[in-house]
Amino acid sequence: MRQAVLTLEESMIRQVANAGMGRTDVLKFWFGESDETTPAFIRDAAIASLQQGETFYAHNLGLPELREAIAGYSTRLRCPGAAPIGGDRIAVTSGGVNALMLAVQALVDAGDEVVAVTPVWPNLTAQPLIMGARLRCVSLKPVAGQWQLDMAELLAAITPNTKLLIVNAPNNPTGWTLSRSEQASILAHCRATGTWILADEVYERLYFESTPNGCAPSFLDIAAPDDRLVVAHSFSKSFLMTGWRLGWLVMPASVTPHMGKLVEFNTSCAPVFIQRAGLVALQRTDDVTPQLVAHLKTCRDTLVPLLQAVPGVEVASTKGGMYAFFRLADQKRFGDSLETAKRLVVEAGLGLAPGNAFMVNPGPDAQGWLRWCFASRDVARLGQGVDRLRHWLAL
């Protein structure tokens, strides 16, 4: 087996979840998904497709009607003056994870330099390592609980030797979001160095600030169609479809046929009945996403003040996403967040994700962090979880 695979670290989030599997007394906030089921009209579309016998292969790049619907949906979300997006720039994928892996496979050779902004969902840093790349990380800095990007440090790290920049905003786990000016600076710099940008924007719609298009700033708002930019999206978060495994990529039209070849050798295609469900989700997005975002904002505004009131907890509110990323101040007791998360499961019945999972070679300032997914159908569960955390800390 390849050494790059042998040396991959096991998911720390899964390690914590495994410690609580089978326990009905654990309040589970470790995974990045809502406990809301997919809306019935989306499920019904998949059922109807199956009943019609749509159980065969589809085009590698996805159903033409779904590709066009995604292109129209993405174009409608863009700010005034943005380049329209055509279906020839879309590849349908078997989930957002698959979209990201396909992009890395398409762009990264063994030995290439890849720069990633961290903390970040661990798949984004593992994928280039799987391809044999050399990974450099530029870390966001926590300032009074808020995470901020040192733009000068990032731009200095991206040189003509940098093949790919990976950035996730709104960010999992911190909720940090790039500003429009920061995106413009990054794009201009990467044009000058010839560096590709892989932008994970799956939380674009889960944004709580007031904007004309109801979503976070996107590189697609300012990029030209032929820029070295690939944007990854997913139906999972904004449409309550995590288990469906349906996503997409936006890329230069010249790249799309080659991405189709990679899809063939990875998954062949996304299942037709799942694509039918995605098509209906896009057609009725106003029946899902606005209500979801409003509920997530209520969840955030419930959880964060409760956490802020707990002695020894450092946390700030976020602009986007579905997470509270908080720190336990007593580093002597809680410096190893993986161990802390495992203890919380066993001793407090509280399931959180360890902050270590989102960091590469974390330094002392990165210790003690935990991620709490606040996407809870029952908001009261958040308060119950905080009560368990407070009582455990007081022991």
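Residues numbered from 1 in each chain as written. Predicted model: local features only at pLDDT ≥ 70, side-chain atom pairs only at ≥ 80, totals over all residues. Heavy atoms only, no water.

(A) Main features of the overall build of the chain. For the chain, the helix and strand inventory stands at 14 helices and 15 strands. The C-alpha radius of gyration computed for the chain amounts to 21 Å, which stays within 12% of the reference 21 Å derived for 395 residues, consistent with globular compactness. If one aligns the C-alpha atoms of the chain with their principal axes, the spans along those axes are about 60 × 50 × 50 Å. For the chain, buried positions account for 56% of its 395 residues. In the chain, 75% of the contacts between residues at least 6 apart in sequence involve partners at least 24 apart. For the chain, the exposed area adds up to about 15900 Å²; of that, 54% sits on carbon and sulfur atoms. Taken together, the 35 basic and 36 acidic charged side chains of the chain have centroids lying 2 Å from each other. (Helix = DSSP H or I, 4+ residues; strand = E, 2+ residues; numbered from the N terminus. Rg over C-alpha atoms; globule rule 2.2 N^0.38 Å. Buried < 20%, exposed > 50% of the residue type's maximum accessible area, 1.4 Å probe, protein only. Contact = heavy atoms within 4.5 Å. Areas by Shrake-Rupley, 256 points an atom, 1.4 Å probe, with all protein chains shown as cover. Lys, Arg positive; Asp, Glu negative; His and termini not counted. Charge placed at Lys NZ, Arg CZ, Asp CG, Glu CD.)

(B) Inspection of the environment of phenylalanine 334 at higher detail. Inspection of the secondary structure assignment puts phenylalanine 334 in helix H12 (residues 331–334). Under the relative-accessibility criterion, phenylalanine 334 is labelled buried at 3%. The spatial distance from the C-alpha of phenylalanine 334 to the C-alpha of glycine 368 is 5.5 Å, given a sequence separation of 34 residues. Not counting chain neighbours up to four residues away, the residues in contact with phenylalanine 334 comprise Leu328, Thr340, Gly368, Trp392 and Leu393.

(C) Fine view of the layout of surface pockets. In this model, the largest pocket occupies a volume close to 1200 Å³. Lining the largest pocket are 45 residues, with Ser11, Ile13, Trp121, Pro122 and Asn123 sitting closest to its centre. Elements supplying a minimum of two residues to the lining of the largest pocket: helix H2 (12–20), helix H5 (96–107) and helix H6 (123–130). Ranked by residue count, the leading element in the lining of the largest pocket is H6, at 6 residues. A class-by-class count of the residues in the lining of the largest pocket yields 23 nonpolar, 14 polar and 8 charged. (1 Å grid on protein atoms, 1.4 Å probe; cavity = no way out; pocket = protein on both sides within 12 Å on 5 of 7 lines; lining within 4 Å. Points joined across faces, edges and corners; volume = space filled by probe spheres on them. Nonpolar A, V, L, I, M, F, W, Y, C, P; charged D, E, K, R; others polar.)

(D) Summary view of the side chain of serine 236. Locating serine 236 in the fold gives a position in the loop between strand E9 (229–234) and strand E10 (247–250). With a relative accessible area of 7%, serine 236 lands in the buried category. Among the polar contacts listed, one links the side chain of serine 236 to the side chain of arginine 245, at a separation of 3.4 Å. (Polar contact = N/O pair within 3.5 Å; in protein donor to acceptor, adjacent residues only side chain to side chain.)

(E) The pairing of strand E8 (residues 196–200), seen in detail. Taken across its 5 residues, E8 has 5 buried, putting it largely inside the fold. Here E8 shows no split at all, with Trp196, Leu198 and Asp200 on one side and Ile197 and Ala199 on the other all buried. Pairing between E8 and E9: 4 bridges, direction parallel. Residue pairing across strands places leucine 198 opposite valine 230, the latter belonging to E9. (Pairing = 2+ DSSP bridges.)

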